[in-house]
Amino acid sequence: MFNRLPFQPKVKKVKWQSEFRISDRLVESYQRGNIFLAGDAAHIHSPVGGRGMNLGIEDAATLAWLIATRTAGRYTAMRHPIARSVLRMTGVQTSLLTSKSAALRSIVSRIVPLLTGLPVIGSKVLEQFSGLNVPFPPWLEKD
Ligand SMILES: Cc1cc2nc3c(=O)[nH]c(=O)nc-3n(C[C@H](O)[C@H](O)[C@H](O)COP(=O)(O)OP(=O)(O)OC[C@H]3O[C@@H](n4cnc5c(N)ncnc54)[C@H](O)[C@@H]3O)c2cc1C
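Here the structure is a predicted model, which means the values were calculated and not measured.

Student: Please set out the site of the ligand residue by residue, giving values where relevant.
Tutor: Around the ligand, the neighbouring residues are Phe20, Gly39, Asp40, Pro47, Gly50, Arg51, Gly52, Met53 and Asn54. Contacts to the ligand include Gly50, whose backbone N or O atom sits 3.1 Å from a nitrogen atom. Contact with the protein chains covers 29% of the free accessible surface of the ligand, which is 1000 Å². Counted by class, the shell around the ligand contains 3 nonpolar, 4 polar and 2 charged residues.

Student: Residue-level account of the confidence of the model for the chain, with values.
Tutor: Mean pLDDT for the chain: 90, with 96% of residues reaching 70 or above. The secondary structure element of the chain with the lowest average pLDDT is helix 3 (residues 102-116), at 88, and the one with the highest is strand 3 (residues 35-36), at 98.

Student: Report on the packing of helix 1 (residues 52-68) against helix 2 (residues 75-97), specifying residues and quantitative values.
Tutor: Orientation of helix 1 relative to helix 2, taken along the N-to-C sense of each, is 170 degrees, at an axis distance of 10 Å. On the basis of their axis angle, the class for helix 1 and helix 2 is roughly antiparallel. On helix 2, the residues touching Leu55, Glu58, Asp59, Thr62, Leu63, Trp65 and Leu66 of helix 1 are Tyr75, Met78, Arg79, Ile82, Ala83 and Val86. Residue composition of the contact of helix 1 with helix 2, grouped by class: 9 nonpolar, 1 polar and 3 charged.

Student: Before we move on, could you go through the environment of Arg51 and cite the residues and values that matter?
Tutor: Structurally, the position occupied by Arg51 is in the loop between strand 4 (43-44) and helix 1. Using a relative accessible area of 4% as the deciding quantity, one classes Arg51 as buried. Once you skip the residues sitting within four places of it in the chain, Arg51 turns out to touch His45, Val86, Gln128, Phe129, Gly131, Asn133 and Val134.

Student: So, the packing of aromatic side chains: which residues are in play, and what are the values?
Tutor: A full pass over the atoms with the stated rule returns 2 aromatic pairs. Seen from their ring centres, Tyr30 and Tyr75 are 5.3 Å apart, and the 75 degrees between their planes marks the pair as edge-to-face. With Tyr30 in the loop between strand 1 (25-26) and strand 2 (31-32) and Tyr75 in helix 2, this pair connects stretches of sequence that are 45 residues apart. Pair check on accessibility: Tyr30 and Tyr75 agree, each one buried.

Student: Can you tell me about the pattern of salt bridges, naming the residues and giving the values?
Tutor: Applying the stated criterion across every chain, the model contains 3 salt bridges. Between Arg21 and Glu19 there is a salt bridge; the shortest N-O distance is 3.7 Å. Each member of the pair, Arg21 as well as Glu19, carries the same accessibility label: exposed. A salt bridge links Asp59 to Arg79; the shortest N-O distance between them is 2.7 Å. One end of the pair, Asp59, is in helix 1; the other, Arg79, is in helix 2, with 20 residues separating them in the sequence. For the pair Asp59 and Arg79, one class covers both residues: buried. Here the salt bridges share partners, and the residues they tie into one network are Glu58, Asp59 and Arg79.

Cut-offs and rules
- Residues numbered from 1 in each chain as written.
- Predicted model: local features only at pLDDT ≥ 70, side-chain atom pairs only at ≥ 80, totals over all residues.
- Heavy atoms only, no water.
- Near = heavy atom within 4 Å.
- Polar contact = N/O pair within 3.5 Å; in protein donor to acceptor, adjacent residues only side chain to side chain.
- Areas by Shrake-Rupley, 256 points an atom, 1.4 Å probe, with all protein chains shown as cover.
- Nonpolar A, V, L, I, M, F, W, Y, C, P; charged D, E, K, R; others polar.
- pLDDT = per-residue confidence, 0-100.
- Helix = DSSP H or I, 4+ residues; strand = E, 2+ residues; numbered from the N terminus.
- Axes fitted to C-alpha atoms, helices over the stretch in contact; angles between N-to-C directions.
- Parallel < 35°, antiparallel > 145°, perpendicular 65-115°, else oblique.
- Contact = heavy atoms within 4.5 Å.
- Buried < 20%, exposed > 50% of the residue type's maximum accessible area, 1.4 Å probe, protein only.
- Phe/Tyr/Trp six-rings, centres within 6.5 Å; stacked < 30°, edge-to-face > 60°.
- Salt bridge = Lys/Arg side-chain N within 4 Å of Asp/Glu carboxyl O.

The structure is reproduced here in structure tokens:
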């Protein structure tokens, strides 16, 4: 990882270390009977984009609203497509960022800032990272 830094630090002593692996999984159904899954128990993906925790909080808020409105049966249909699209996007981004091909990484690090500097693309990327590319939460909608 240090080879991505602009300088090469010298590590003198390692006090603690652990292995970091990226999981990429999504349950088929968020519900079985009266058991509902939310958060990382339902979907887990690369931290690229920083969507995981927010996705889980949205799951829980959606489920609370569905239970309150006696429509909990809609939970999987509402949340599964959103998690699937986040997994798809984080998967692509992670593959590009962690590619073993120095040429590809170099292209990504030069081209992506140029593309995201374009207002049309930049605003789409911002929407995706901030989670604004998903349907507006129904419990926040006005009557
Ligand atoms: C490096 C990294 C960076 C991240 N950055 C971001 C970010 O910038 N933005 C963002 O939105 N998300 C980010 N995430 C994702 C976010 O951390 C997770 O999506 C979120 O913490 C998941 O919350 P959770 O409550 O669903 O699961 P967890 O945080 O895993 O909580 C589950 C809890 O259940 C406990 N538990 C497990 N089994 C049992 C059991 N049998 N009995 C009792 N308790 C049990 C565990 O100990 C744990 O405390 C990042 C993740 C990583 C790894």
